[in-house]
Protein chains: 2
Amino acid sequence: MSRRPQTDLAVLGALSVEPMTGYALRAAITSTLGHFWSESFGQIYPALARLEEAGLVGRDEERRFTLTDPGRVRLRELLAEPIERSPARNGLLLRLFFGRTLGREQCIELLQDAVREAGESLATLAAIRAEVEAENSPDRDYFLLTIAAGEAGARAQAQWASSSIASLRQSPDQPHPRD
Amino acid sequence: MSRRPQTDLAVLGALSVEPMTGYALRAAITSTLGHFWSESFGQIYPALARLEEAGLVGRDEERRFTLTDPGRVRLRELLAEPIERSPARNGLLLRLFFGRTLGREQCIELLQDAVREAGESLATLAAIRAEVEAENSPDRDYFLLTIAAGEAGARAQAQWASSSIASLRQSPDQPHPRD
DNA sequence: AGAAACATGTAAAATGTTACATGATTGT
DNA sequence: ACAATCATGTAACATTTTACATGTTTCT
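Residues numbered from 1 in each chain as written. Chains lettered and ligands numbered in written order. Predicted model: local features only at pLDDT ≥ 70, side-chain atom pairs only at ≥ 80, totals over all residues. Heavy atoms only, no water.

1. Structural notes on the domain arrangement of chain A
And step 1. Annotation of chain A at the domain level lists domain 1 (3-80) and domain 2 (91-170).
And step 2. A separation of 29 Å is found between the C-alpha centroids of domain 1 of chain A and domain 2 of chain A. (Domains from an automatic or database assignment.)

Next comes the structure, spelled out in structure tokens:
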């Protein structure tokens, strides 16, 4: 099965929340969905064109893209499909796995970056959470669910990275192999 | 910058641990690295051919691929490069974000799957951990670091999903929009 | 002898990113 | 008028997956 349905899912889903221009859609995917989803710029307009062709999205008076009734049906279908997992690609863990070659100090630096990054994530998520909690959208509880996932992940990363730094500091630095 | 360096990093790194055939390399990437990295089958042999051409890997008496000295230098270079983050693509969160359309019960099922999955991950990781702890490899401490990351993530996911299920059960199910 | 696993590769198709191109609208 | 932002798209390129193709070795 192609991965295009996943792009369609993101696009139709975003339009189910509110009608938007392609430009706004891109901004929504970058900012709101950005913590757990991404679509590259060059995917969105072709997807919209295809979906419009198929009658799944239309335009309102202000030329914003809207979800049609068939589009809503299609969205439900896509939501019910089994989750396609994207391949794991964690560059940090890949580097730490070969940490003996990279060297202890550099590993510690990477882990410090990870702690900092997790902190930044938590700050961003707190801001988004405040915004979402202020709204009274019917989607609110579900939005908060995804925010909570991000927060849980960030906290786990911060704790893991911190304790990893501590344990690396206790172990002796080994010389690089063959140096 | 192309993403090929990332594939090279995985291949050279794996060979830095021990010499292997391409077949074994693939198995190593699937099983050991599999929790945080993936390379598709069709990438590995072309990468090996390219790296051999460039003199970064060679063959030992048993025709296993080995890391050459220039290869080790290149590996260090690649390890020191900034981490390229791969785009976030979390199908579970994408579906939950549109949970109002998907429906509360289906969301709960997805979350239950997530809890189960996290449990399976923890079991697999525990097995790998036991194996690695038994070894006395110089890479051991770094391997354990990456295992700990997986464990932390899995535990965070299990907790988040469990408490999300509880909170969804408390909120009333809203009818599907426009049904 | 046959099955299963080992081993190496290629080609086509699908996917995805990046850079470029163009014009309208809005605020200063 | 000018800059910034809004808005829509295309084309070239890079990456990745999947399916196919082929032969060897090892175990039963």
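2. Side note on the packing of aromatic side chains
And step 1. Considering all chains together, one arrives at eight aromatic pairs over all chains under this definition.
And step 2. Seen in terms of ring centroids, A:F97 and B:F36 are 5.6 Å apart; in terms of plane orientation they differ by 50°. Their pairing is tilted. In this pair, A:F97 is assigned in helix α5 (residues 91-97) and B:F36 in the loop between α2 (22-31) and α3 (41-53), connecting two distinct chains.
And step 3. Its relative accessible area of 6% is what places A:F97 among the buried residues.
And step 4. Exposure remark for B:F36: the relative accessible area of 3% places this residue in the buried category.
And step 5. Plain terms: the ring middles of A:F97 and B:F143 are 4.1 Å apart, the flat faces sit at 10° to each other, and that makes the pair stacked. Here the residue A:F97 occupies a position in helix α5, and B:F143 occupies one in helix α8 (residues 140-170), the pair thus bridging two chains.
And step 6. Taken together, the ring pairs connect A:F36, A:F143, B:F97 and B:F98 into an aromatic cluster. (Phe/Tyr/Trp six-rings, centres within 6.5 Å; stacked < 30°, edge-to-face > 60°. Helix = DSSP H or I, 4+ residues; strand = E, 2+ residues; numbered from the N terminus. Buried < 20%, exposed > 50% of the residue type's maximum accessible area, 1.4 Å probe, protein only.)

3. Here we look at the UniProt feature "domain: Transcription regulator PadR C-terminal" (unreviewed entry) in chain A
And step 1. Those places that UniProt annotates as "domain: Transcription regulator PadR C-terminal" (unreviewed entry) correspond, in this numbering, to residues 89-168 of chain A.
And step 2. Secondary structure content for residues 89-168 of chain A is 89% helix and 0% strand, and the end C-alpha separation is 23 Å. (UniProt positions renumbered as here; feature names shortened; annotations may be inferred.)

4. Structural notes on the pattern of salt bridges
And step 1. All chains considered together, the criterion is met by 28 salt bridges over all chains.
And step 2. A network of salt bridges, in which partner residues are shared, links A:D60, A:E62 and A:R64. (Salt bridge = Lys/Arg side-chain N within 4 Å of Asp/Glu carboxyl O.)

5. Quick notes on the interface of chain B and chain A
And step 1. With 71 residues of chain B in contact, the opposing surface of chain A contributes 71 residues.
And step 2. Summed over both sides, the interface between chain B and chain A buries roughly 6400 Å², with carbon and sulfur atoms accounting for 63% of that surface.
And step 3. It is B:R89, B:F97 and B:Y142 in chain B that bury the most area against chain A; as a group they hold 13% of the surface buried on that side.
And step 4. At the surface where chain B touches chain A, the tally comes to six salt bridges.
And step 5. Of the charged contacts in the structure, one is a salt bridge between B:E39 and A:R89, with a shortest N-O distance of 3.7 Å.
And step 6. Elements represented by at least two residues in the side of chain B that touches chain A include exactly α1 (4-17), α4 (69-80), α5 (91-97), α6 (99-102), α7 (104-134) and α8 of chain B.
And step 7. When grouped by side-chain class, the residues that make up the side of chain B that touches chain A number 37 nonpolar, 19 polar and 15 charged. (Contact = heavy atoms within 4.5 Å. Buried area = accessible area lost by both parts, 1.4 Å probe. Nonpolar A, V, L, I, M, F, W, Y, C, P; charged D, E, K, R; others polar.)

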